[in-house]
Amino acid sequence: MSARGRNGPHGPGRPDFDDDDDDDWGDFGGERDDLTDVPDGVRLQKVLAAAGVGSRRHCEELIGAGRVEVDGQTVRRFGARVDPERQVIRVDGKRIPSRQDVVYLAFNKPAKVLTAMSDDRGRRTITDFLGDRGAAGTGSAGGERLFHVGRLDYDTEGLMLLTNDGELAHRLAHPSYEVAKTYLADVPGPVPRDLGRRLATGIELEDGVAVADRFRVLEQAGSRALVEITLHEGRKHIVRRMLAEVGHPVSRLVRTTVGPVKLGNLRPGATRDLTTKEIGELYAAVGL
Ligand code: URA
């Protein structure tokens, strides 16, 4: 699937249904379904295309192939009219972001930036990097504030998710849905061969045991090492505390993935819209 949305009148990255030409597609699928058309609704293929699923034609093919569900019901009619603000639409079982007012961003947080939208002590915050996307109550967030999903330390760099989808943000940050997050850490070397096993077995910290899902050494040069660690944990300073506890205090920490979303080559301080695929995978990771 391609990146969702276009630069329509509602702003970049957001679905735009204004080109609804109200053409009558009829029942091309040849097969009726029970979904009741929503009065003044938007045609399903237009909602799919505006959400970035693909071209209108591709979306019609998906509908015809029975790969699209609305509120749990497979819809094969091309002309079906739906409410993208309220109905849950899935393609191949993955929910698509159909609401027009919702924004999903990846942000590469630089070091020395506070994970907050404002700071009364004048430190730089996420808002300083968002331009008109970040002004609370205005901009492309459609009048709703953006939330940061979880936190990174002031000195930690890397991937943060920002959204005004409160339910998704809440679930992603909630311990019962903790998605895996991966970090790169600069630590003193050499790293002993059994360190991965120790981290996977669990490290006793003052607020309980912390366990790494994966650990590997990417580089060792002289007295420095670059390691990669993946965990489901969301506790404060968790990576720094775990690695300090095993004798490898972190000098630089960068988060590179959150669940299905990768930092990739996003520049420090830059944002990008999540793709429809990434959003669908985030929904799935938290049972939405
Ligand atoms: N673990 C840390 O120690 N710091 C972060 O910012 C994130 C995870």
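Scroll up a little and you will see the structure.
About the thresholds
Residues numbered from 1 in each chain as written. Predicted model: local features only at pLDDT ≥ 70, side-chain atom pairs only at ≥ 80, totals over all residues. Helix = DSSP H or I, 4+ residues; strand = E, 2+ residues; numbered from the N terminus. Contact = placed C-beta atoms within 7 Å. Near = placed C-beta within 6 Å. Nonpolar A, V, L, I, M, F, W, Y, C, P; charged D, E, K, R; others polar. Buried ≥ 20, exposed ≤ 12 C-beta atoms within 10 Å, placed from the backbone. Arc of directions from axis to C-beta. Pairing = 2+ DSSP bridges. Core = buried A, V, L, I, M, F, W, Y, C linked by C-beta atoms within 7 Å.

Trainee: Just checking my understanding: could you explain the overall build of the protein for this structure?
Mentor: Counting its secondary structure elements, the protein contains 6 helices and 19 strands. Taking as baseline every contact in the protein between residues at least 6 positions apart, the subset at least 24 positions apart corresponds to 62%.

Trainee: I tried to follow the site of the ligand on my own but got confused; where do I start?
Mentor: Residues in contact with the ligand, as listed here, are Leu152, Asp153, Thr156, His237, Ile238, Val239, Arg240 and Leu253. Per-element tally for the shell around the ligand: the top contributor is helix H5 (residues 238–245), with 3 residues. Looking at the shell around the ligand, its residues break down into 4 nonpolar, 2 polar and 2 charged.

Trainee: Any chance you could explain H5 here in plain terms?
Mentor: Those residues of H5 that sit buried are Val239, Met242 and Leu243. For H5, the arc enclosing every buried residue in end-on projection is 90°, short of the 170-degree limit, so these residues lie on one face. If you follow the buried residues of H5, they end up packed against strand S12 (181–188), helix H4 (195–201), strand S13 (203–205), strand S14 (208–210), strand S16 (224–231) and strand S17 (252–258). Just downstream of H5 lies Gly247, where phi reads positive at about 90°.

Trainee: It is not clear to me how the sheet that holds strand S5 (residues 73–74) should be interpreted in this structure. Could you clarify?
Mentor: Hydrogen bonds between backbone atoms are what pair the strands of a sheet, whose relative direction is either parallel or antiparallel. Taken in spatial order, the 4 strands line up as S5-S4-S7-S8 in an open sheet, and their pairing is antiparallel. Only two strands of the sheet have a single neighbouring strand rather than two, namely S5 and strand S8 (94–95). Strand direction decides the pairing type here: strand S7 (residues 89–91) and S8, joined by 2 bridges, are antiparallel. What sits directly across from Arg90, in S8, is Arg95.

Trainee: Which parts of the structure should I look at to understand the nonpolar core?
Mentor: Nonpolar side chains tend to gather and get buried jointly when the protein is soluble and globular. Core analysis: the largest hydrophobic core is formed by 26 residues, its most contacted members being Leu105, Ala106, Met160, Leu161, Leu162 and Leu172. Sorting the residues of this core by element identifies strand S9 (104–109), strand S11 (157–163), helix H3 (166–173) and helix H6 (276–285) as the ones contributing at least two each. Excluding anything up to four places from it in sequence, Leu161 contacts Ala106, Val149, Leu172, Val258 and Val261.

Trainee: For this particular structure, what's the right way to read the environment of Met242?
Mentor: Among the structural elements, Met242 can be located in helix H5. When the 25 C-beta atoms within 10 Å are taken as the criterion, Met242 is described as buried. Along the chain, Met242 and Leu205 lie 37 residues apart, while their C-alpha atoms are 7.4 Å from each other. In contact with Met242, other than residues within four places in its own chain, are Leu199, Ile203 and Ala210.

Trainee: Help me out: how do you make sense of unusual backbone geometry in this one?
Mentor: Of note, the bond from Gly189 into Pro190 is cis; its omega dihedral lies within 30 degrees of zero at -5°. Residues other than glycine seldom take positive phi values, yet Lys112 does so here, at roughly 60°. Within the secondary structure layout, Lys112 lies in the loop between S9 and strand S10 (147–148). Residue His237 is not a glycine yet carries a positive backbone phi of 50°. Note on placement: His237 falls in the loop between S16 and H5. On the neighbour-count criterion, His237 (13 C-beta atoms within 10 Å) is partly exposed.

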